[in-house]
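Fold and contact review
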Amino acid sequence: MSAEPIEALLGATVVLIAIRLLWTADAFEALVGFMVFGLVLSLLWAAMGASDVALAEVAIGAGLSGALLLGAGRPRRGRADDCRGQGGSGLAAVPLLLGLLGAALGAALPVALDPSSPAPLTEPVRTALPRSGVESPVTAVLLNFRGYDTLLEVGVLVAAWLGATRPGSRPEPDEGRFAGDVPDLLARLWLPLGALVAGYVVWAGSRWPGGAFQSAALLAGMAVLLHLVGGRVGGLPASHPLFARLPVLGLLVFGVCAAAGLVRRGHLLAYPEGEAGGWILVIELAMTVSLAALLLALYHAVLRRRGAA
Amino acid sequence: MSGLTAAAGALLFVGLHGVLVLVDPVRRVLAANVFGSGVLLLLLALCRDADGRVDPVPQSMALTGIVVSFAATALALFFMRSLDAHVDDSDDSD
């Protein structure tokens, strides 16, 4: 297969970046290294043909996690010594050896398993696709065949958000931290474009790679950018509590649609025959807004200061 | 295919080693993320058909995994910062 050398090269690069970012002596390099790790990993997903995973990885794994880590993972005052004693040689010997051991075991795995067995679920998904209401197999799995998983995933995000919410905390001082002419101009250029792309990604999700998760990650990234340049949404700061109410919207809409299936078809999340496409679109739109708000709320919750203002 | 499972194996070992031995909490979180990426890579690398296409079901699972690991990262960083603030407080009162 022609893509194999590229995959092997990207795979090796990802492993070397991982070792470097974990064992470098420089705390800042570790954070930037993690963002590079996410970017190269998303290239690897793209090379493998997993475009949906690549989109999510680049927006969440590299972008949003990076913004969060740069905000929360800065070396703390008087604690710089935490970062010492990590070897400091960049590519430490023990992790490198362990990496080689893991690589050897990993390479032996496909040999140990039956290499001739095909991926067992590709065919069932393709057969059921015409009845799913969408044309993209990944969207069909996420919102029709395995809708439960997606519903519970939103539940996991809500749980994490509740866990990271403290009453009486105030927004972190990062708001408008990068305000200035150049970031302002960049934000003005990027935000409308990003919003447009996010809208396209959720719409395209029914036919091509894309969907609620990827679009929500993009929207959340745009909101973080807006927050950092001190921008406002309809006169409200991006960290306004009103936007913190949005996360429950998607769960509500998803729950109502699931219950509608229970009433009309006798079990949860069963879409009426022939109407699945419309139901999925409604859920996807609500989920996009809700997931974007959840990701953003998590970002703000982590960076919040303690105590009442 | 074995090239990718080799990379996945390496990520799993390096990530787990990092979670166990690193001192800095931020790096432990990063190591847990590296481990998680190894899991996703192993899952997708093992679920390809003869033409190299990735099975859509594990692909959806990987997509879900990325979002959930972001939530886990955020929660871990939140706990880390809460712990720091707590320690700072008791330092001040001494």
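Refer to the structure above for everything that follows.
For the structure given in this document, a descriptive report is provided here. These figures come from a predicted structure and were not determined experimentally. (Residues numbered from 1 in each chain as written. Chains lettered and ligands numbered in written order. Predicted model: local features only at pLDDT ≥ 70, side-chain atom pairs only at ≥ 80, totals over all residues. Heavy atoms only, no water.)

Side note on the overall build of chain A
In terms of helices and strands, chain A carries 11 helices and two strands. Mapped from its N terminus to its C terminus, chain A presents α and β elements in the order α-α-α-α-α-α-α-α-α-β-β-α-α. Counting the 309 residues in chain A, one finds 46% classified as buried. Taking the contacts inside chain A whose residues are at least 6 apart along the sequence as the reference set, 72% of them involve residues at least 24 apart. By element, 70% of the accessible surface of chain A is carried by carbon and sulfur atoms, the whole surface being about 14600 Å². (Helix = DSSP H or I, 4+ residues; strand = E, 2+ residues; numbered from the N terminus. Buried < 20%, exposed > 50% of the residue type's maximum accessible area, 1.4 Å probe, protein only. Contact = heavy atoms within 4.5 Å. Areas by Shrake-Rupley, 256 points an atom, 1.4 Å probe, with all protein chains shown as cover.)

Brief notes about the nonpolar core
Generally speaking, nonpolar side chains in soluble globular proteins are found buried as a group. Judged by nonpolar contacts, the single largest core of 100 residues is most densely connected at L22(A), F37(A), W45(A), L298(A) and L41(B). Per-element accounting of this core gives the leading share, 15 residues, to helix 11 (residues 276–303) of chain A. Dropping the residues within four chain positions of it, L22(A) is found in contact with V14(B), L22(B), R27(B), L30(B), A31(B) and V34(B). Judged by nonpolar contacts, the second largest core, of five residues, contains A187(A), M222(A), L226(A) and V229(A). (Core = buried A, V, L, I, M, F, W, Y, C linked by side-chain atoms within 4.5 Å.)

Structural notes on the interface of chain B and chain A
Between chain B and chain A, the contact holds 63 residues from the first and 85 residues from the second. The contact between chain B and chain A buries some 6300 Å² in all, and 74% of this surface belongs to carbon and sulfur atoms. Counting the surface chain B buries against chain A, the share from its top three residues, R27(B), L63(B) and F70(B), is 12%. Summed over the shared surface of chain B and chain A, the number is zero salt bridges. Our enumeration of links across chain B and chain A arrives at four residue pairs in polar contact (both at pLDDT 80 or more). (Buried area = accessible area lost by both parts, 1.4 Å probe. Salt bridge = Lys/Arg side-chain N within 4 Å of Asp/Glu carboxyl O. Polar contact = N/O pair within 3.5 Å; in protein donor to acceptor, adjacent residues only side chain to side chain.)

Let's talk about helix 1 (residues 4–23) of chain A
Relative to the 28 Å expected for 20 residues at 1.5 Å per residue, helix 1 of chain A spans 29 Å between its end C-alpha atoms, a close match to the ideal helical length. Within the sequence span of helix 1 of chain A, burial applies to E7(A), L10(A), G11(A), V14(A), V15(A), I17(A), A18(A), I19(A), L21(A), L22(A) and W23(A). Summarising the contacts, the buried residues of helix 1 of chain A are in contact with helix 2 (27–48) and helix 4 (93–112) of chain A together with helix 1 (2–21) and helix 2 (25–46) of chain B. (Expected span 1.5 Å × (residues − 1).)

With respect to the pattern of salt bridges
Residue and element names in this part refer to chain B. Evaluation of the coordinates by the stated rule reveals two salt bridges over all chains. With a closest N to O distance of 3.4 Å, R27 and D24 form a salt bridge. Grouping residues by exposure puts R27 and D24 together as buried.

Topic: the side chain of H17(B)
Positionally, H17(B) belongs in helix 1. Relative accessible area serves as the criterion here: at 16%, H17(B) is assigned to the buried category. Apart from the residues within four sequence positions on either side, H17(B) is in contact with W23(A), V94(A), P95(A), L98(A) and L22(B).

What about the packing of helix 3 (residues 51–72) of chain A against helix 9 (residues 212–228) of chain A?
All names here are of chain A. It is the contact of helix 3 with helix 9, at a shortest axis distance of 9 Å, that shows an interaxial angle of 25°. Judged by the inter-axis angle, helix 3 sits roughly parallel to helix 9. The handedness of the crossing between helix 3 and helix 9 is left-handed. Facing helix 3, whose interface residues are D52, L55, A56, A59, I60, L64 and A67, helix 9 presents Q214, A217, L218, A220, G221 and V224. Each residue belonging to the contact of helix 3 with helix 9 can be placed in one class, and the counts come to 10 nonpolar, two polar and one charged. (Axes fitted to C-alpha atoms, helices over the stretch in contact; angles between N-to-C directions. Parallel < 35°, antiparallel > 145°, perpendicular 65-115°, else oblique. Left-handed = near helix turned anticlockwise from the far one by under 90°. Nonpolar A, V, L, I, M, F, W, Y, C, P; charged D, E, K, R; others polar.)

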